[in-house]
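# Structural features, examined
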Amino acid sequence: CLVSCPILWQRKTSKIKVFYAVWFASYAVFILFFTGPQDMSLYPPKEFSHYKLPWKAGASRFIAQGNRSFISHRDFSQYAWDFVMPNGTEILAARDGQVFEVEDGFDGIGLNSNFVIIRHNDGESSVYAHILHGGALIKVGDLVKRGQPIALSGMVGQTIFPHLHFSVINKKGTSSIPISFLDVQDGVPLAGQFYTSGNSQ
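Because the structure is a prediction, the values reported are computed rather than measured. (Residues numbered from 1 in each chain as written. Predicted model: local features only at pLDDT ≥ 70, side-chain atom pairs only at ≥ 80, totals over all residues. Heavy atoms only, no water.)

## Thoughts on the overall build of the protein chain
Counted only if it meets this: A helix here means a DSSP run of H or I that spans at least four residues, while a strand means a run of E at least two residues long, and both kinds are numbered starting from the N terminus. Any two residues whose heavy atoms approach within 4.5 Å at even a single point are treated as in contact. Residue-level accessible areas treat just the shown protein chains as cover; the underlying method is Shrake-Rupley with a 1.4 Å probe.
Scanning the protein chain from terminus to terminus reveals one helix and 11 strands. If you list the helices and strands of the protein chain from N to C, you get α-β-β-β-β-β-β-β-β-β-β-β. Considering only intrachain contacts with a sequence separation of at least 6, the fraction spanning at least 24 residues in the protein chain is 70%. Accessible surface for the protein chain amounts to roughly 11,100 Å². Of this, 61% is attributable to carbon and sulfur atoms.

## Some words on the sheet that holds strand E1 (residues 60-65)
For sheets, the rule is that strands pair by backbone hydrogen bonds, running either parallel or antiparallel. This is how the line gets drawn: The pairing criterion for strands is at least two bridges between them, as found by DSSP.
In space, the eight strands of this open sheet follow the order E8-E4-E5-E6-E10-E2-E1-E11, with antiparallel pairing throughout. Two strands in the sheet have a free side with no partner beyond their single neighbour: strand E8 (143-144) and strand E11 (194-196). Here strand E2 (residues 81-84) pairs with strand E10 (residues 163-169) via four bridges, running antiparallel. By the bridge assignment, Trp81 is partnered in E10 with Phe166.

## With respect to the packing of aromatic side chains
Two aromatic rings, taken as a pair, are described by how far apart their centres are and by the angle between their planes. Selection rule: Here is the rule: rings of Phe, Tyr and Trp (six-membered ring for Trp) pair when centre to centre is within 6.5 Å. Planes less than 30 degrees apart are stacked, more than 60 are edge-to-face, and the remainder are tilted. Only protein chains enter the accessibility calculation, which uses a 1.4 Å probe; a residue whose area is less than 20% of its type maximum is buried, one above 50% is exposed, and one in between is partly exposed.
A complete count under the given rule lists six aromatic pairs for this structure. Centroid distance Trp81 to Phe181: 5.2 Å. Interplanar angle 75°. Geometry classified as edge-to-face. Residue Trp81 is found in strand E2, and its partner Phe181 is found in the loop between E10 and E11; the two are separated by 100 residues along the sequence. Exposure remark for Trp81: the relative accessible area of 0% places this residue in the buried category. Overall, Phe181 belongs to the buried group, its relative accessible area being 0%. For the ring pair Tyr128 and Phe166, a centre distance of 5.2 Å and an interplane angle of 65° mean the geometry is edge-to-face. Placement of Tyr128 in strand E6 (residues 125-129) and of Phe166 in strand E10 is noted, with a sequence separation of 38 residues between them. Here Tyr128 matches Phe166 in class, with each residue buried. One aromatic cluster is present, formed by Trp81, Tyr128, Phe166 and Phe181 through successive ring pairs.

## Brief notes about unusual backbone geometry
The backbone of His130 sits at a positive phi, close to 75°, despite the residue not being glycine. Tracing the chain through its elements places His130 in the loop between E6 and strand E7 (131-136).

Shown next, in the form of structure tokens:
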């Protein structure tokens, strides 16, 4: 085995590298050509937006999934984003509002996720999902300001990597809606890219 084992290991390593290269290339092609906003006119101009990216100013985060991506960002969640962030990262309120619902009692990967929902004065609600078990920093009824820490990010529910799933829901609670962010150059973050937050109190 002194001779054959290193050779076998090198072959396996090469196969693993090829697998990841093919997977990443396929992912990049899918993201670039088959996901993302279809009609930018649906998104409000960023100058009129109330929202900022939901993490600390100056930090950059990668978007693993954007709008209209894969199976989980279709239909109800078509206008959602997945912001990659390590477990325990402070999540900040993207907009002023009142805490409408909090769930942080679940742990681990499974069907049930933890989340915070904040209702805004125009009836829209922002949703922050996959938060850490016991990671809520606010409670139902609290008034929060944009930039205020509201929860700690986690990897709870239907997920395979730690991230924050963020979306804004319409007044009826029947669908996510297209929004823009004040601190994103073109207003709408796109999957496969890094974005730096300008959010603070």
